[in-house]
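# Examining the three-dimensional arrangement
Chain residues, written in single-letter form:
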Amino acid sequence: MFGLLKRKVAESLSEATGEPLNECERTIELPKGEFGDVASSICFSLAKKRKKPPQEIASEVAATLRLPDWVAKVRSDGPYLNFTLSSRFYSKLIEFILKEGEKYGRGKKKKAKTIVEFPSVNPNKPWHVGHLRNALLGDSVARILEFSGEDVERMDYIDDLGLQVAQSFWGYLNLKEKPSGKLDLWLGKQYVEVAKKFEEDKKVQEEVRQLLLKMEEGKGQEAQKCRELVEKCVAAQYETAFKFKIYHDVLIFESDIVRTIFEEGMEKIRKSKAIVKEKSGKNAGCLVAKMESEEFASMESPDKILVRSDGTATYTGKDVIFQMWKFGLLKGDFRYATFMRQPNGKECEMSAPKGTRACHGKASRVINVIGMEQAYPQKVIREILRSMGYEKEAENSVHLAYEHVWLEDEKFSGRQGTWVGYTADELYEEGVKRAQEKIKSEVAAEERGRIAASVAAGAIRFSFLRTSPEKKITFKWDSALSLEGDSAPYVMYAHARAQKIFEKGGKGRAEEGAELEDAEKELLKKIMLFDWVVSEAARQLRPHLVADFCLELAEAYNKFYNSCPILSAGDERIQERRLAINYASLVALKNSLSLLGIDALKRM
RNA sequence: GCCCCUAUAGUUCAAUGGAUAGAAUGCUGGCCUCCGGAGCCGGCGAUCUGCGUUCGAAUCGCAGUAGGGGCGCCA
């Protein structure tokens, strides 16, 4: 409702000052402290135009301004204009949320489709806490976009033709030890061993390369067996994902890209005037994208090879083709089969040689959630699309970059196995254990398990999501699993309190002309921000804005809870009004938690 | 050499160019005869350096310092 309020204030400011509406709106903010509820700093820019001190202008405007709806009074404090909201505003807000219910904050359905691709982990290892950051970011951005009305497709790219998978597959075929336990974990541990052998032994290298060739051809037993192994590994990785409520709509396998759209994409690349075949120099024989825009000019070798001199495509080459497909720029398409039914009830599909359906891709915007270190290649893909004439698609190719999770003094390495002890599963298990200990003993064991699962997943999700993505996270158990202070359980706890009161007292009703306590006003002012926060988080693709909001909302609720008795308010009108505020808080807390994929528990 | 990201209380994070830089954690002092103490109220404590732009800078620009990443016919 903040957007609407801003508009109303801007309208009367515009009328009083003659400044354009959006100019007025831009100056409106939420002041801190005792400066009123809404403020405008428009007098500073007027001061320059009118060559008068801003203080003077402020008092003139304050005197002549027609008070907007929902505003009780306006005052000039020095050069600022400070507005105080009327009790009518608060009752309108409450009425609005009572009417909207759980739809509060949800945006109108839009037609445009957005693909969010994440986390695209190699299918030969378990997710560690770093992969988890990627997946949580992608998942939450998808939730936020969906809530704000967009049509979202959650996509995962499965590189089943990479060197790593070939190495793991070689180990699976040749090493004595047979799989046991969770397959992704087994493969990950085995990979450490295989990688060592691969480095030391030329013969192993040759065998792996032969295997990779067969996999790329896609025919014969090996290829099929490898695909099966990869599917099983992804299924095991997704077991982990589901603990954190991370879901997907479709998986695209590299092997299907090679089989289905690759040639057509290559043809397009070859024909493009933007791509040249080098006749001489170090890149002789390669198809090269010339990066000629200014920002690449000072790099040592700004040109990007898309096709090697032996005719095979590089990563960037493949990525360009895949990106074209995502936008529906290729005629060829995949066929899909069911990968699995997920715990959220939705089917996840996968590209498959023997699939039957065709229904994915063709997006108008593509968001790739990939680490910051890929900024350059991602930029290159955009530039290539642009130079091939796909201006709009280049514009709508978004690299959602994030910094990696680090251990205190080292990086995660699949090859060296530094991730052992830091898998997403281990983090979750430890979280469940710690949450269990906090739950009151009178709660039945079964429910305790359920609650602990939600608390652990929530706490972990929150701890990763509350940090802005461009910041490096140094992994520490205690901060990843914090159950107090700035954490998911703090917010969940506020929700559970509100839920209990709602169950006892119901929705309540708005009270016209009520004299509200400060704690009630502060809380309602937070609640009014919810839809605005959603649209900002969606626009900027930054879930941490929502995490921050959750904390502020819960804090305001807890203050309200402590200073304003609800069920024991004494006066019936006050009680009904506070019940309504309680209900509005309940809705806002639940909806904002859902954007982060955190369960709003009824009790905990 | 060039490009990108980061730098805020002891620690971890926040802050649409606006007024008194918010939280948490830590240390510290209070609050359960009262709707759930995973909570509430108080105290201590911070914008890397310099120059600039602006009525106004943690935020924008330039130059530094420190840390991380990138610029492969690798993957």
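Everything that follows concerns the structure shown earlier in this document.
This structure is a prediction, so every number in the text was calculated from the model and none was measured.

## Notes on the overall build of chain A
Scanning chain A from N- to C-terminus turns up 24 helices and 16 strands. Across its three principal directions, the C-alpha atoms of chain A cover 85 × 65 × 50 Å. Sequence separation of 24 or more characterises 72% of the internal contacts of chain A that already satisfy a separation of 6 or more.

## Some points on the protein's contact with RNA strand B
Close to RNA strand B lie 76 residues, the nearest being Glu29, Ala39, Glu373, Gly485 and Arg603. It is helix α23 (residues 544–563) that provides the largest number of residues to the surface near RNA strand B, a total of eight residues. A per-class count over the surface near RNA strand B returns 34 nonpolar, 21 polar and 21 charged.

## Some remarks on the nonpolar core
In this structure, Val546 and Leu589 are the most contacted members of the largest nonpolar core, which totals 176 residues. Considering each element in turn, this core owes the most residues, 11 residues, to helix α24 (residues 572–595). Domain assignment of the residues forming this core places at least three in each of domain 1 (2–85) and domain 2 (424–595). Among all residues touching Leu589, those that are not within four sequence positions of it are Val491, Ala494, His495, Ala498, Leu553, Ala554, Tyr557 and Ala600.

## A look at the sheet that holds strand β14 (residues 397–402)
Taken together, the seven strands give an open sheet; going across it, the order is β11-β12-β7-β6-β5-β13-β14, and neighbouring strands pair in mixed fashion. Looking along the sheet, the strands with just one partner apiece sit at the ends: β11 (336–341) and β14. Mean inter-strand twist for the sheet, computed between neighbouring axes without regard to direction, equals 25 degrees. The sheet strands contacting helix α15 (residues 375–387) are β13 (365–371) and β14, and the helix crosses β14 at an angle near 175 degrees.

## Details of the pairing of strand β7 (residues 250–253)
Residue alternation in β7 divides its side chains into two sets, Val250 and Ile252 and Leu251 and Phe253, and both sets are buried. Of the pairings in the sheet, the one linking strand β6 (residues 151–158) to β7 comprises four bridges and is parallel in character. Within β7, the residue paired with Asp156 across the bridge is Leu251. Relative to strand β12 (residues 347–351), β7 runs parallel, the two sharing two bridges. Within the sheet, the bridge partner assigned to Leu251 lies in β12 and is Met350.

About the thresholds
- Residues numbered from 1 in each chain as written.
- Chains lettered and ligands numbered in written order.
- Predicted model: local features only at pLDDT ≥ 70, side-chain atom pairs only at ≥ 80, totals over all residues.
- Helix = DSSP H or I, 4+ residues; strand = E, 2+ residues; numbered from the N terminus.
- Contact = placed C-beta atoms within 7 Å.
- Near = placed C-beta within 6 Å.
- Nonpolar A, V, L, I, M, F, W, Y, C, P; charged D, E, K, R; others polar.
- Core = buried A, V, L, I, M, F, W, Y, C linked by C-beta atoms within 7 Å.
- Buried ≥ 20, exposed ≤ 12 C-beta atoms within 10 Å, placed from the backbone.
- Domains from an automatic or database assignment.
- Pairing = 2+ DSSP bridges.
- Axes fitted to C-alpha atoms, helices over the stretch in contact; angles between N-to-C directions.

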